[in-house]
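# Architecture and fold: a report
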Amino acid sequence: MPSLFSFSSPASVFQLWFVVYLYLAPFLLYAAWAALAFMDLGERKDTLGQIGWGCFVILVPLVGGASYLLSAATTLRRLPRIAIVVTGLIVWLLPLTVGVWLAGGPLGPKALT
Amino acid sequence: MLQSARIGRSTRNLICALWLGLALSGCGKSEVKPTGTVLVAMADNSFSPAINHVPVGGSIVFTNEGRNDHNAIAVDKSFSTEKTFGRINMRPEDAAEIVFNKEGVYPFYCSFHATPDGKVGMVGVVVVGNVEYTPGGARGVLPPVETATGVTRRVPKDYPTIQNGVDAANPGDLVLIDKGEYVEAVFVTTPSITIRGVDRNEVILDGKFQLSTGIMVGANGVAIENMTARNFTLNGFYWTAVQGFRGSYLTAVNNGDYGIYAFGSTDGLFEHSYGSGSPDSSFYVGQCAPCRVVLDDVVGEYSGLGYSGTNSSGDMYILNSRFSHNLSGIGTSTFDIELVPPGRDTTIIGNIVNDSGFENEATGFFASETLAGTGIMLAGTNTNHVERNLVVRSRNNGILVVPLLDRHYWPATGNVIRGNTVLESGRADLAAGGLGTIGNCFSGNTFRTSLPWGLQALNGCSGARVPLASDLSVDMVFFGTLVQVRTTEVKIADYRDRPKPPPQANMPGGADAPVHPAVHVFAGLKLNLDAIQTPPFAAVQKPATEL
């Protein structure tokens, strides 16, 4: 069985770049933000809020976890919560933007090298 | 008389908005005045539309929507996009407006992809004002015929060149070419003629890497048989915007774009033919719906793709053929730069596709390099049938189903991949990638690996299917390869020195074979798809030319 993370031949660092930042990073951020959100949810006293936010965090990947951490978390201090979300977005989106920029645009003429 | 203006992207957006505004403002009105501006797209490599009518004082906006550099230059030099930009080439996304203040007919051409007489290659015409214009040859438009006249025009015995022979022929005639090397680019405007070589291997059109296309056909019902075209900078044999065509026992070697090529053409057949050493593809059928085109018993080698079909849809068949040692074997695709997207309804049965994407074998170009190493690729196309093919030794994926992102996002859906033997692929024998890749089914294939895992088990052609049937890592490595191609120097084998094929089989009957104009071609074929078997594995051990 081929690995999900196997590369096309010839392999290149650019393939690793896209697999990590476009494919794996969202899963990791989803898991990290959801885990932190549930840590905080566990400390809440209102059951309705726990269930509602819990569903939102799970069913709306990334957005749910980030929204909860930025707006509704109570036990974590504000600065670390913002830092976790913003740093995560930067780590994900900056390399992604550079990668998409590099991938975009015309491939150039059919000149031979 | 003629003025030109450079148009930036924002200006073009404004033009589009204006067009939209004009279109909306015209709704409900009984009379709409012509705006006088026509948009002409420069695709790779044709103008669309090629024939344009504008009023006196009207204008043409040329936009380079291809991936190659282009230009538009009047044959009489009365206008040129070079004057707009101060350089000969218009780069992708460039646009230029030419204003026409004087009545007349203005043929034009792209100096990179056509001959300066405006007859062969990427050419077009602007008809300004109320001038009569009839496309066709010097004799105007001749009516096609369904039966042969029995007249044979011999080259060089009766006519010194092939062009002289086809110009003199009437519909239904046979132009018979004797053994020899002919250094000419032929343009056919007479319908229903048959152009035949007396010996496939010894009747050779040679472009000497100076001429663009061996034979370009712009008339309906033309058959070309039993000859070779080699060393042209663009295409070996090319039918454009015709109804009814046939290429039989043709060999196209080391041509700079396509080997055997039909564009915007319907009702045709390529059979018993060989193509190799073309950076884009050995065989290409594009922009047709419904195509009603069959490729049967052809061989494509050492090219970017063995067969390529962009926006070719409906009654499109690739049967009993072999595609070896190409960057990728068979590719169907959808692109916005050609008309009638998306591509759909291509049937691929009984073919051998082997040794795709291995280093220093095939020529190609940058775009084909990004998906190199695929046996059969369905890129942004729908409801195709891929059945009973033998796909062996693909550098990356054996059979790949992926969406394609051009100006629009084209998902790949509703494809049937059934009964194929797919082995020895470098990454996965069966693979599906991308968002929206749903509704495809895999059944009865012999394979060892798939991406995602369980692709066939969970997405059979009968019963319930799992909705998540694609793996995004396929796309990620594609994007990575795209960046690799764009940012680093890619070594691509030169089409001019790809391997020469051994002598190819001559047409039965040779010069004396019956003459059949290429009319009602598809209707005359008796396709029995059920009788086609999966080629045996041992077949890939033999050279393609021995099959």
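Residues numbered from 1 in each chain as written. Chains lettered and ligands numbered in written order. Predicted model: local features only at pLDDT ≥ 70, side-chain atom pairs only at ≥ 80, totals over all residues.

## A closer look at the overall build of chain B
The condition that has to hold: Numbering of helices and strands runs from the N terminus, with a helix taken as a DSSP run of H or I at least four residues long and a strand as a DSSP run of E at least two residues long. With C-beta atoms placed from the backbone, a residue is buried if 20 or more other C-beta atoms are within 10 Å of its own, exposed if 12 or fewer are, and partly exposed between those counts. We call two residues in contact when their backbone-placed C-beta atoms lie within 7 Å.
When you go through chain B residue by residue, the secondary structure sums to 6 helices and 42 strands. Out of the 547 residues in chain B, the part that is buried amounts to 57%. Sequence separation of at least 24 residues holds for 62% of the intrachain contacts in chain B that already meet a minimum separation of 6.

## Here's the deal with the packing of helix H1 (residues 13-41) of chain A against helix H2 (residues 47-59) of chain A
The relative placement of two packed helices comes down to the angle between their axes together with the axis-to-axis distance. All names here are of chain A. Heads up, the condition is: Note on geometry: axes are lines fitted to C-alpha atoms, helical ones only across the stretch in contact, with angles between N-to-C directions running from 0 to 180 degrees. Our angle categories are set so that under 35 degrees counts as roughly parallel, over 145 as roughly antiparallel, 65 to 115 as roughly perpendicular, and the remainder as oblique. In this classification, Asp, Glu, Lys and Arg are treated as charged, Ala, Val, Leu, Ile, Met, Phe, Trp, Tyr, Cys and Pro as nonpolar, and every other residue, Gly included, as polar.
Viewed as axis vectors pointing N to C, H1 and H2 meet at an angle of 175°, and their least axial separation amounts to 10 Å. Taken together, H1 and H2 sit at an angle that is classed as roughly antiparallel. Facing Ala 34, Ala 37 and Leu 41 of H1, the residues of H2 in contact are Gln 50, Trp 53, Gly 54, Val 57 and Ile 58. Considered class by class, the residues forming the contact of H1 with H2 number 6 nonpolar, 2 polar and no charged.

## Side note on the confidence of the model for chain B
Residues and elements named next belong to chain B. Note the following rule: Every residue gets a pLDDT, meaning the predictor's confidence in that residue, from 0 to 100.
Within chain B, residue pLDDT values average 86, and 89% of them lie at 70 or more. Every residue in residues 1-35 scores below 50 in pLDDT, and together they form 34 contacts with partners more than four places removed in sequence or on other chains. On the interface metric, ipTM, the complex scores 0.73, and its pTM is 0.79.

## Quick word on the pairing of strand E40 (residues 428-432) of chain B
Residue and element names in this part refer to chain B. Where we set the bar: At least two bridges found by DSSP between two strands are what make those strands a pair.
Of all 5 residues that make up E40, 5 are buried, and the element is covered over most of its length. Direction of pairing for strand E35 (residues 397-402) relative to E40: parallel, over a ladder of 4 bridges. In the strand pairing of E40, Asn 397 is matched with Ala 428. Examined bridge by bridge, E40 and strand E42 (residues 450-451) share 2 bridges and lie parallel to one another. Bridged to Ala 431 within E42 is Leu 451.

## Comments concerning the domain arrangement of chain B
Residues and elements named next belong to chain B. Test applied: All domain edges in this entry derive from an automatic or database-based domain assignment.
Per the domain assignment, the segments making up chain B are domain 1 (2-128) and domain 2 (170-277 + 498-521). On the domain 2 side, the residues contacting the 8 residues of domain 1 number 8 residues. Residues of the side of domain 1 that touches domain 2, tallied by class, amount to 2 nonpolar, 5 polar and 1 charged.

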